[in-house]
Amino acid sequence: TDHIDHIVTMIQQLIDRGFAYVASNGDVLYSVSKFEGYGKLSGKVLADLRAGSRVEVDEAKHDPLDFVLWKPAKPGEPSWDSPWGKGRPGWHIECSAMSLDLLGEGFDLHGGGSDLLFPHHENERAQAIAAGHEFARHWVHSGMVTIGGEKMAKSAGNFLMLRDALATYDARAIRLSMLQTHYARAVDLGPAELDGAAAALARLDALVRRAGQVGIEPDAGEVDQRVVDEFRAAMDDDFNTPRAVGAIFDANNQANRAIDAHDNDRAASLVATVVSLAAVLGIDVGVSATVDSDIDALVRERDEAREARNFGRADEIRDELTARGIKLEDGPRGTTWHR
């Protein structure tokens, strides 16, 4: 409602440039056939759209694909003054006008779900360019969230509320699960995917804890430029986060092998790389969403009990930690744990 003036101005620009007309019923309509580039964004062809159109015949339209820019007021509806009488804007023109007003001509990036590609984004682009404006330089369309391969929807009863997911999973695991699928593809967020991401996250956290046990701080080494370049190349390739995440886990595996080989300099570099690159994706490695100090204390107590050959107490602590969802891994350099 703060942008009605901008919307009216853009509609008038379209009329003046011959891309819009006032229909006999008072609607102001966009003339799709007048815009040569219509369909370029979505890959649609006008002839195919007309052939497959289920739009009811509207005598007021010059073309069944023409869409509304301004609707005359109906009783009880909100309305605003315009050169075409009281009315309200169409859905598509609102977004074109607001984008240009808030972001300026030729802004860099326009995002949205893949379900908005056509007709909404196609119409946004057609309106703006036909009105004489440079619009979005790049478009990013994200895939739908699915459960078991079906689109998540309340009507299907297969939806997962974020607050419910957070009651079971570390927020970092939810983020990692989404990053393991390319943004343009449908992402399945069922228990199997979230459990897998939680296990993968635990491997990253375990590396930082293991490194600490041999005296390596997470930010002590210089990052491995080869891994950074691989990560950057993946992200520059249309935000290929699955490949970027793969580079992080490859470095994670190399770091563990370096620790096994007592090559602490190499390990320090790789640990710093894992922590740094994961942070780029919003994942703080080694920083659990819950307080870990009590678990660390129990692990230390168990180690001390084992050294004192008090195996009964050591087993009790292991059982307690197992019940809390904590897995212990005993090695020559001490005990590490993960959820």
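Residues numbered from 1 in each chain as written. Predicted model: local features only at pLDDT ≥ 70, side-chain atom pairs only at ≥ 80, totals over all residues. Heavy atoms only, no water.

Attention now moves to the overall build of the chain. For the chain, the helix and strand inventory stands at twelve helices and eleven strands. On the principal axes, the C-alpha backbone points of the chain span a range of 95 × 40 × 40 Å. Going through the 339 residues of the chain one by one, you find that 42% of them count as buried. Across the chain, every contact between residues at least 6 apart in sequence was considered, and the portion connecting residues at least 24 apart equals 67%. The distance from the centre of the 37 positive side-chain charges to the centre of the 55 negative ones in the chain is 3 Å. (Helix = DSSP H or I, 4+ residues; strand = E, 2+ residues; numbered from the N terminus. Buried < 20%, exposed > 50% of the residue type's maximum accessible area, 1.4 Å probe, protein only. Contact = heavy atoms within 4.5 Å. Lys, Arg positive; Asp, Glu negative; His and termini not counted. Charge placed at Lys NZ, Arg CZ, Asp CG, Glu CD.)

Turning next to the sheet that holds strand β7 (residues 145-147). Spatially, three strands are ordered β8-β7-β9 in an open sheet, and the strand pairing comes out mixed. Each of the sheet's edge strands pairs with one partner strand only, and the pair in question is β8 (150-151) and β9 (187-188). Where β7 meets β9, two bridges bridge the pair, whose relative direction is parallel. Bridge pairing in β9 links Thr146 to Asp188. (Pairing = 2+ DSSP bridges.)

Along the chain, Glu134 turns up in the loop between α4 (117-130) and β6 (138-142). The exposure class assigned to Glu134 is partly exposed, which follows from its relative accessible area of 43%. Placed 28 residues apart in sequence, Glu134 and Gly106 show a C-alpha to C-alpha distance of 4.7 Å. Ignoring any residue separated from it by four or fewer positions in sequence, one finds Glu134 in contact with Leu100, Glu105 and Gly106.

What follows covers the pattern of salt bridges. Two side chains bearing opposite charge may form a pair once their charged atoms approach each other closely. One pass over the structure, following the stated rule, counts 19 salt bridges. For Lys86, the salt bridge is made with Asp81, and the minimal N-O distance between the two is 3.1 Å. Salt bridges sharing partners connect three or more residues here, namely Arg302, Arg306, Arg318 and Asp330. (Salt bridge = Lys/Arg side-chain N within 4 Å of Asp/Glu carboxyl O.)

Next up on the list: the nonpolar core. In terms of nonpolar packing, the biggest core is built from 35 residues, with Leu176, Phe231, Ile248, Leu281, Ile283 and Val285 touching the most fellow members. Elements that contribute at least two residues to this core include exactly α6 (171-179), α7 (191-213), α8 (225-236), α9 (241-260) and α10 (264-280). Beyond its immediate sequence surroundings of up to four residues, Val285 is in contact with Arg172, Leu204, Asp205, Val208, Val275 and Ala278. Among the nonpolar cores identified, the runner-up in size contains 31 residues, and Ala20, Tyr38, Ala131 and Phe135 belong to it. (Core = buried A, V, L, I, M, F, W, Y, C linked by side-chain atoms within 4.5 Å.)

With that out of the way, let us pick up α10. If you check α10, its first and last C-alpha atoms are 24 Å apart, about what 17 residues at 1.5 Å a residue would give, namely 24 Å. Buried within α10 are the following residues: Ala267, Ala268, Ser269, Leu270, Val271, Ala272, Thr273, Val274, Val275, Leu277 and Ala278. Buried residues in α10 make contact with α7, α8 and α9. Following α10 by one or two positions, Gly282 has its phi on the positive side, about 80°. (Expected span 1.5 Å × (residues − 1).)

What follows is about the side chain of His133. Tracing the chain through its elements places His133 in the loop between α4 and β6. We classify His133 as buried; its relative accessible area is 17%. A polar side-chain atom of His133 sits 2.9 Å from a polar atom in the side chain of Gln13. Not counting residues within four places of it along the chain, the set of residues in contact with His133 comprises Met10, Gln13, Leu100, Glu105 and Ala128. (Polar contact = N/O pair within 3.5 Å; in protein donor to acceptor, adjacent residues only side chain to side chain.)

The next point concerns the packing of aromatic side chains. The full count for this structure, using the stated rule, is seven aromatic pairs. Between Tyr30 and Phe67 the ring centres are 4.9 Å apart and the planes differ by 15°, which places this aromatic pair in the stacked class. On the criterion of sequence distance, the pair formed by Tyr30 in strand β2 (residues 28-30) and Phe67 in strand β3 (residues 67-72) is long-range, its members being 37 residues apart. Centre to centre, the rings of Tyr38 and Phe118 are 6.5 Å apart; their planes meet at 75°, and the pair counts as edge-to-face. A residue pair is termed long-range when its members are at least 10 positions apart, and Tyr38 in the loop between β2 and α2 (46-51) and Phe118 in helix α4 qualify at 80 residues. Judged by relative accessible area, Phe118 falls into the partly exposed class, the value being 28%. (Phe/Tyr/Trp six-rings, centres within 6.5 Å; stacked < 30°, edge-to-face > 60°.)

Before going further, it helps to spend a moment on unusual backbone geometry. Residue Pro119 follows Phe118 across a cis peptide bond; omega there is 5°. Examined against the element boundaries, Pro119 turns out to sit in helix α4. Not every positive phi belongs to a glycine, and Asp238 is a case in point at roughly 55°. For Asp238, a relative accessible area of 39% corresponds to the partly exposed category.

The next thing to look at is the environment of Asp16. Relative to the elements of secondary structure, Asp16 occurs in helix α1 (residues 4-16). On a C-alpha basis, the gap between Asp16 and Glu230 in space is 51 Å, while along the polypeptide they are 214 residues apart.

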